[in-house]
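# An overview of the molecular structure
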Amino acid sequence: MPKLTKILIKPALQCFHRCRHCEPRQNYYRDLVNKNDASQMPLEMAERFIKEAYFLGMEECLISGGDPLLYPHLRELVKYAGSFEGVSVYINSSGHNLTEQYAYDLLTAGLNSMHISLDSPYAEKHNHLRGIDNAWENSVNTIDILTGMKRSNPSFSKFIVQLNTVITRHNYMDIPELVDLALRKRVDSIYLMNVYGDIGNLFLLSTQQIEEFRNRIIPEVLKVLNKSGTGNLVVENAEEVLHSFFSKEYNTIENYAEGIYWSEAEAAKRACNIPDYWALLEPDGSILPCCMMEISEGKIAGNFKSKSLADIWTGDAYEAFRRDKLEYCKACPIVYNKTLGLVPEMCKQMKY
């Protein structure tokens, strides 16, 4: 039986933002809420999922959404997940309206890292991509709160502040300036993501933009890192991470520009081992072996309301997905998404 080391819980499907590149997932959430009246997860269900996952090998618990800051039981959920020995607890969030007191409550409850959405160093552009007027201001304020706590309180010194950034045709030229902003704000890392499910081809980079990213933008980012004095390990790791985006080793530039990340589905299936160690719980009890199933019309592996996690994890549906996966896998970029470490501890692609 494979070891379930990482779980993703989505306790709330509501979000502060209206991200233009997230429309397929927003449509899925709307359908889920309308069909099952399941916009928020009962705390008891989330805690039971965590407990059962722990006995299957859980080491990491990521709380996402929607935006978990809209979940009324977030602090209790973080505290419960953090009560299990050896488990790291993370949150994906826009950081919208996070107060210093609530941030302190989450960190003292056992939160190990918060990943804040930030797509541009420029407020107007980020706000446009996120669909609301004050998105950038809220995200940057949250970054300042968290990095300030980390510096001022020795008990929070190992807390990780990360940015989550989607590389689109609208912001790819801003990546060097975004890295510079992150360094000045003392952010620990940036998780760089590719566009997925781009209905209408509004966000994917063109072939010319991809070539510009690889030939001009990457060297500019490395120049920023070198100038900042981050050290050889960070720069070497960054070079490896950045050159993995739109790599010609596994695919063509023309395919990337069309949102096809693998030349054939079988290659994607061989490269992806996510369902071997990962599970997602939705508010209605659905358990998914891959988050892309939210937009690919794949079948759920089971429902936690009627079956135990162990039964679902070892069941026929999960095993079938591990073996067969989906034709949609050709359009899945998750394996290519990478962490750009800005401190040695977050250089995950290098041995530290």
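Residues numbered from 1 in each chain as written. Predicted model: local features only at pLDDT ≥ 70, side-chain atom pairs only at ≥ 80, totals over all residues. Heavy atoms only, no water.

### Structural notes on the pairing of strand β1 (residues 6–12)
Note the threshold: Each residue's exposure class comes from its accessible area (1.4 Å probe, protein chains only) as a fraction of the maximum for that residue type: buried when under 20%, exposed when over 50%, partly exposed otherwise. What counts as a helix is a DSSP run of H or I of at least four residues, what counts as a strand is a run of E of at least two, and both are numbered from the N terminus. A pair of strands is labelled paired if DSSP reports no fewer than 2 bridges between them.
Within β1, 6 of the 7 residues are buried, which leaves the element mostly enclosed by the surrounding structure. When β1 meets strand β2 (residues 60–65), the two strands line up parallel, connected through 5 bridges. Looking at β2, one finds that I7 is bridged to C61. In terms of strand pairing, β1 meets strand β7 (residues 278–281) through 4 bridges, oriented parallel. Looking across to β7, one finds that I7 is bridged to A279.

### Observations concerning the sheet that holds strand β4 (residues 113–117)
One open sheet holds the 10 strands; their spatial order is β9-β8-β7-β1-β2-β3-β4-β5-β6-β10, and the pairing between them is mixed. Every other strand in the sheet has two partners, leaving β9 (302–303) and β10 (338–341) as the edge strands with one partner each. Pairing of β4 with strand β5 (residues 160–166), which is carried by 5 bridges, proceeds in the parallel orientation. Paired with I116 across the two strands is L163, which belongs to β5.

### Digging into the side chain of N251
Stated precisely, the cut-off is as follows: Under the rule applied, a polar contact is a pair of N or O atoms within 3.5 Å (in protein, one hydrogen donor and one hydrogen acceptor; residues adjacent in sequence only if both atoms are side-chain atoms). Note on contacts: a residue pair is in contact if any heavy atoms of the two residues lie within 4.5 Å.
Position of N251 among the secondary structure elements: in the loop between α9 (232–243) and α10 (253–257). Reaching out from N251, the side chain makes a polar contact with the backbone oxygen of Y261 at a distance of 3.1 Å. Those residues in contact with N251, other than ones at most four positions away along the chain, are Y256, I260, Y261, W262 and S263.

### Quick look at the pairing of strand β6 (residues 189–193)
The criterion, for reference: Note on handedness: a clockwise path from strand one over the helix to strand two, with the strands aimed away from the viewer, defines a right-handed crossover.
Burial runs high along β6: 4 of the 5 residues are buried. Relative to β6, β5 runs parallel, the two sharing 5 bridges. Within β6, the position partnered with T165 by the bridge is L192. Following the chain from β5 across helix α7 (residues 175–184) to the adjacent parallel β6, one finds a crossover that is right-handed.

### Focus: the pattern of salt bridges
Quick note on the threshold: A pair is scored as a salt bridge if a Lys or Arg side-chain nitrogen falls within 4 Å of a carboxyl oxygen belonging to Asp or Glu.
Summed over all chains, the structure comprises 17 salt bridges. The salt bridge involving K3 is made with E59; its shortest N-O contact spans 3.3 Å. Placement of K3 in the segment before β1 and of E59 in the loop between α2 (43–54) and β2 is noted, with a sequence separation of 56 residues between them. Judged by relative accessible area, which is 47%, K3 ranks as partly exposed. Assessed through its relative accessible area of 36%, E59 is described here as partly exposed. Salt-bridge contacts for R184 lead to D180; the nearest nitrogen and oxygen are separated by 3.0 Å. Highlighted residues: R184 and D180, both in helix α7, separated by 4 residues, approximately one helical turn. Overall, the relative accessible area of 32% leaves D180 in the partly exposed class.

### Remarks on the state of the cysteines
We count it as follows: Whenever a pair of cysteine sulfur atoms sits within 2.5 Å, that pair is classed as a disulfide.
In total, this model carries 0 disulfides according to the counting rule given. In this structure C290 is not part of a disulfide, and its nearest cysteine sulfur, from C291, lies 5.1 Å away. Looking at C290, the relative accessible area reads 10%, which means it is buried.

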